[in-house]
Amino acid sequence: MRILVVGAGAVGGYFGGRLLQASQDVTFLVRPARAGLLEKNGLVLHSPEKTVAIKSPPTVLEQALTPSFDLILLSCKAYDLENAMDSFSAAVGKQTAILPLLNGMRHIQILSDRFGKEKVLGGLCNIVATLDDSGAVHRMTPVQNITFGELDKSVTERVNAIASAFGQAEFNSQQSSDVLLSMWEKWLFLASLAASTCLMRAPIGEIVAAPGGKAFILALIEEIRAIALANGYSPSVERAHSMLTEPGSPLTASMYRDLQNGFRIEADHIVGDLLQRAQQANVSSASLIRLQTAYAHLKAYEQQRNKA
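Calculation notes
- Residues numbered from 1 in each chain as written.
- Predicted model: local features only at pLDDT ≥ 70, side-chain atom pairs only at ≥ 80, totals over all residues.
- Heavy atoms only, no water.
- UniProt positions renumbered as here; feature names shortened; annotations may be inferred.
- Helix = DSSP H or I, 4+ residues; strand = E, 2+ residues; numbered from the N terminus.
- Core = buried A, V, L, I, M, F, W, Y, C linked by side-chain atoms within 4.5 Å.
- Buried < 20%, exposed > 50% of the residue type's maximum accessible area, 1.4 Å probe, protein only.
- Domains from an automatic or database assignment.
- Contact = heavy atoms within 4.5 Å.
- Pairing = 2+ DSSP bridges.
- Right-handed = clockwise from strand over helix to strand, strands pointing away.

What follows deals with the UniProt feature "domain: Ketopantoate reductase N-terminal" (unreviewed entry) in the protein chain. According to UniProt, the feature "domain: Ketopantoate reductase N-terminal" (unreviewed entry) maps to residues 3-152 in the numbering used here. Across residues 3-152, the secondary structure splits into 27% helix and 33% strand, with the terminal C-alpha atoms separated by 23 Å.

Encoded structure:
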């Protein structure tokens, strides 16, 4: 199986590196600067268990792509999706499967419109990782997993082949029988975490310790769950209830950290799209006051950032 990993950032670099370490046929689609850095320093993966250095990982530039890849692993930020699609479009052949690991759901329709729904898989990942100035990837917690599957819940040769390839790598992977439900469950968790920590400008433990903080988070989770139910999905809230109400927890969303650093954020993809789906499903806006407040806060930040 020939695998094209779009980008070699924290997520793509980590999972692509683990696949390469397992002798899978992996190529990274990168820009010239990143290609030069990988050639100079190699792909270095730091984790709590050990450090792995892969010398001269295979890379390709956009203009050299050919349509011969079986799997395209996509892990860009939502606001970079259009540019990413342009960059890898030449690699999409008749048998290519595209596995996006983006947050939320909007990208599924965008990718399907561009390349055809039959080429798009559902997927998600859970990992806390970042890049340092040298380009090395740092995984900061034990969590390292990918969940994937066909959008129509079928079990196909291609997802079995992907499961076989992933199963040889040093990360956890799961072939889901209902990947859209799995994606909704992550979306509920992530949107609850992002909306609360960004709005309160604080980690979960400090929000929970504040008067009314725990009640706010629980109500926010229920607002998002109501949107999922109205769209035909019943995601579990067990993980969200457990992790987002833990006293003393230092947990924050990556969106919170991006906001604190003045970076671009995925406001529309993670929070705004929920409100749009709520409107389409006739969920009363009066029942979504916390989510609406968080979204207004994020959009105000974007306006301030655009003026800077």
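Within the largest apolar cluster, 68 residues are counted, with the highest numbers of intra-cluster contacts made by Leu 4, Leu 74 and Phe 88. Among the elements that take part in this core, helix H6 (residues 179-200) stands out by supplying 13 residues, more than any other. Domain assignment of the residues forming this core places at least three in each of domain 1 (2-176) and domain 2 (182-307). For Phe 88, the contacting residues outside a window of four places in its chain are Leu 4, Val 6, Leu 29, Leu 65, Ile 72, Leu 74, Ile 98, Leu 111 and Phe 115. Formed by 33 residues, the second largest nonpolar core is a distinct cluster that contains Tyr 14, Leu 19, Ala 35 and Val 52.

Another aspect to go through is the pairing of strand S2 (residues 25-29). Burial runs high along S2: 4 of the 5 residues are buried. Where strand S1 (residues 2-6) meets S2, 5 bridges bridge the pair, whose relative direction is parallel. The partner of Val 6 across the bridge, within S2, is Leu 29. Crossover S1 to S2 through helix H1 (residues 10-21) is right-handed. Pairing geometry for S2 and strand S5 (residues 59-60), over 2 bridges, is parallel. When the bridges of S5 are listed, Leu 29 appears paired with Val 60.

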